Amino acid sequence: MPGPDPKKLERLITSSGRIKDPGPIPGVLESMADHASRRGLPNGFIEHAVNEALSTADPEAALNRLVRILVMIEDPAFHSLLEDPDGLKSLLAILGYSNYLSSLILRSPADYVWLMRDVGLSGKRTLAMMQKELAGAMGSSADMEGATRALRRNKYREMLRIGVRDLLGAATLVETVHDISNLAEASIDGAVTRVTDILREKHGTPVYDPGGNITRPGKFSVLGLGKLGGEELNYSSDVDLLYVYSSHEGATTGRLSASGGYRDSIDNHRFFVKTGEMVTKLLNDRTEDGFVFRVDLRLRPEGESGEIAYSLASLEVYYQSWGRTTDRLALLKAKPVGGFRRLGEEFIGLMEPFVYRKHLDYSALEEVGALKEKIDIHTGAAREGINDVKLGRGGIREIEFLVQSLQLINGGRNPVIRGRNTLQSIDRLMRNGYLTERDAESLSSAYIFLRTVEHRVQLVEERQTHTLPANQESLEKLAFAMGYSREGVGDWKSFEHALGKFTGMVQDSFDRLFFRSKVPFTEVFEEHVKLMSDDLSYEEAITEMKSLGFTDPETGYRNLLLLRDGPEFGHFPDSCRDLLRRIAPRLLDEL
């Protein structure tokens, strides 16, 4: 059979205008034809591959990476996927956008065959399935080295599956973040199991006496915070963890020595600190096989200077005595993700009164607003903050802050609105009257859009980034991957318009919650706050009330004084008066 006409293919590529420098293309096509022939691929393969590559985000990258695959992959099962037109189209769509996913395919072609043949793009995998497969891969022997290797290989196989389904449109954003979170949970749980086995073999079982002369085994639990707790991790997320154990009292039983006695017993605190250290190392350390997840322990009590692991009692004392609003935000999404989960649930139950207060907690709103302003200052000072879909104005962080603030303020009195997941929480807040349908729809659609943008940016190189690319060519590729194209090229202007629309909707909702105004706060304050002071005579106050539009200024002023001072025999403390002075401008504007 005659081979493909190289000149015809070169003209096709040149006329498409999709490749800016077609000079190297003849060599690429020649190498592709040579290796396709060696792999036994059909005669029309090259022409079909070129046509499909020209429909991807980056045709040049797609063709170059396809050549690498033909050169390096010798598996006939993989080559059979290339003979299928749909299979080739899917592969080139991946090669034409994500260097990260392309490298995973080259790293383990068998994983790609497993995905496309055994699991399928429409196949879904549960946490239980992931845990079972990982346990089988890790085996039963107490081998740290084998566990290290198995955890990393499992991570990259699952990330290939998740990323391919996402990029090819076979999974929704909700399914994608849920899958990544399940992968993290299975990995953490597997690491805890292996580390516990190793330490028990060396030091025996930790035990303690809770009272009544009843000895109980000590338990260890891992709490996932932040996006992990909310089951909404992204491709480059750290996992925010908190290690808790049952009691600092007691010690391990030791191990039986050759002489018949027991040795190497250590106190329970040391045992569980070692557990936390080894779990962190097993997940976090980068080896020749990569890493599993970056572990962040800074949300624990006292941050980086705190202990690695804490007993249940010590955590309760800390949070009830010294806990801050930032701690409440951290615990809002807490979820047991490894070890003895019932201990984790017990901890969450103990923290409920701390996280969700029974009274309306507007001080938390103020503190969250101040924290967000600090982030605004930081990102505003950095060039990349301008196009940061996470930390920039109208970004993902503002949606999260808004939702979590409403939960902190109102969750104590209305438990129905509590929740870890952002999209689910938006729906609960709307159904219970804390968000309008319009705001809920705006926030949900913006969250899905912005998180999808975040994923597309991260899938290029598996970089821990939330900023848009700096150059026009990369921006066009991003727009193409987001579904914005015109005449086969990424339409950056249309994408930019959509991005502005979604961030604008978030800004509007966020500004309404945090009382932001185009008029400087000090100007509004000075205009109205005198009504809340003792400086005005009664007649002057009534005149001011009339100027503000009150039809019954006497009653209105009496009510303001009641708000300011409290009832006659129950005056408010100074702190209440100070708070009222601060909200008075907004209150009077709204009235």
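The preceding data block contains the structure.
Conventions used here
Residues numbered from 1 in each chain as written. Predicted model: local features only at pLDDT ≥ 70, side-chain atom pairs only at ≥ 80, totals over all residues. Heavy atoms only, no water. Helix = DSSP H or I, 4+ residues; strand = E, 2+ residues; numbered from the N terminus. Buried < 20%, exposed > 50% of the residue type's maximum accessible area, 1.4 Å probe, protein only. Contact = heavy atoms within 4.5 Å. Areas by Shrake-Rupley, 256 points an atom, 1.4 Å probe, with all protein chains shown as cover. Core = buried A, V, L, I, M, F, W, Y, C linked by side-chain atoms within 4.5 Å. Axes fitted to C-alpha atoms, helices over the stretch in contact; angles between N-to-C directions. Parallel < 35°, antiparallel > 145°, perpendicular 65-115°, else oblique. Nonpolar A, V, L, I, M, F, W, Y, C, P; charged D, E, K, R; others polar. Pairing = 2+ DSSP bridges. Salt bridge = Lys/Arg side-chain N within 4 Å of Asp/Glu carboxyl O. Left-handed = near helix turned anticlockwise from the far one by under 90°.

Trainee: Describe the overall build of the chain, naming the residues involved and giving the relevant values.
Mentor: Along the chain, the regular secondary structure elements total 26 helices and 12 strands. The burial tally for the chain puts 51% of its 591 residues in the buried class. Contacts in the chain between residues far apart in sequence, at least 24 positions, make up 70% of those at least 6 positions apart. Surface summary for the chain: the accessible area is close to 28,100 Å², and the carbon and sulfur share equals 51%.

Trainee: How would you summarise the nonpolar core if you had to cite specific residues and measurements?
Mentor: Of all hydrophobic cores here, the largest spans 121 residues; its most connected members are Phe45 and Leu241. Looking at this core element by element, the count peaks at 10 residues for helix 11 (residues 173-203). Counting 22 residues, the second-largest nonpolar core is a separate cluster that includes Leu329, Ala330, Ala334 and Met351.

Trainee: Before we move on, can you summarise the environment of Lys20 with the specific residues and values?
Mentor: The topology assignment puts Lys20 in the loop between helix 1 (6-16) and helix 2 (25-38). Separated by 40 residues in sequence, Lys20 and Glu60 place their C-alpha atoms 8.8 Å apart.

Trainee: Would you mind going over the packing of helix 4 (residues 59-72) against helix 7 (residues 99-107) in detail, with residue names and values included?
Mentor: Where helix 4 contacts helix 7, the axes come no closer than 11 Å and their chain directions differ by 10 degrees. Classified by the angle between their axes, helix 4 and helix 7 sit roughly parallel to one another. Contacts from Arg65, Arg68, Ile69 and Met72 in helix 4 reach Asn99, Ser102, Ile105 and Leu106 in helix 7. In terms of residue class, the contact of helix 4 with helix 7 is made up of four nonpolar, two polar and two charged.

Trainee: Describe the sheet that holds strand 2 (residues 216-217), listing the residues and the values that go with them.
Mentor: Here three strands make up an open sheet; going across it, the order is 2-1-5 and the pairing antiparallel. Edge strands, defined here as strands with exactly one partner in the open sheet, are strand 2 and strand 5 (251-252). Strand direction decides the pairing type here: strand 1 (residues 206-208) and strand 2, joined by two bridges, are antiparallel. Opposite Val207, over in strand 2, you have Pro217 as the bridge partner. Of the strands in this sheet, strand 1 and strand 5 are in contact with helix 13 (residues 268-284), which crosses strand 1 at around 140 degrees.

Trainee: Can you tell me about the pattern of salt bridges, naming the residues and giving the values?
Mentor: In this structure the tally under the stated criterion is 34 salt bridges. The shortest N-O distance in the salt bridge between Glu400 and Lys227 comes to 2.9 Å. Placement of Glu400 in helix 18 (residues 396-410) and of Lys227 in helix 12 (residues 226-229) is noted, with a sequence separation of 173 residues between them. Take Lys227: its relative accessible area is 14%, and that puts it in the buried class. Close ionic contact of Arg397 with Glu400 constitutes a salt bridge, the shortest N to O distance being 3.6 Å. In this pair, Arg397 and Glu400 are both assigned in helix 18, three residues apart and thus about one turn of the helix distant. Neither Arg397 nor Glu400 differs from the other in exposure class; each is buried.

Trainee: Tell me about the packing of helix 9 (residues 127-138) against helix 11, and please be specific about residues and values.
Mentor: Packing of helix 9 against helix 11 brings their axes to within 9 Å, and their N-to-C directions diverge by 40 degrees. Looking at the two axes, helix 9 sits oblique to helix 11. Our pair here, helix 9 against helix 11, has a crossing hand that is right-handed. Contacts between helix 9 and helix 11 involve Leu127, Met130, Gln131, Leu134 and Met138 from the first element and Asp179, Asn182, Leu183, Glu185, Ala186, Ser187, Asp189, Gly190 and Arg194 from the second.

Trainee: Which residues make up the pairing of strand 3 (residues 220-225), and what are the values?
Mentor: Among the six residues in strand 3, six count as buried, and that is most of the element. Residue alternation in strand 3 divides its side chains into two sets, Phe220, Val222 and Gly224 and Ser221, Leu223 and Leu225, and both sets are buried. Pairing geometry for strand 3 and strand 4 (residues 239-245), over six bridges, is antiparallel. Bridge pairing in strand 4 links Gly224 to Leu241. Here strand 3 pairs with strand 10 (residues 335-339) via four bridges, running antiparallel. Looking at strand 10, one finds that Ser221 is bridged to Gly339.

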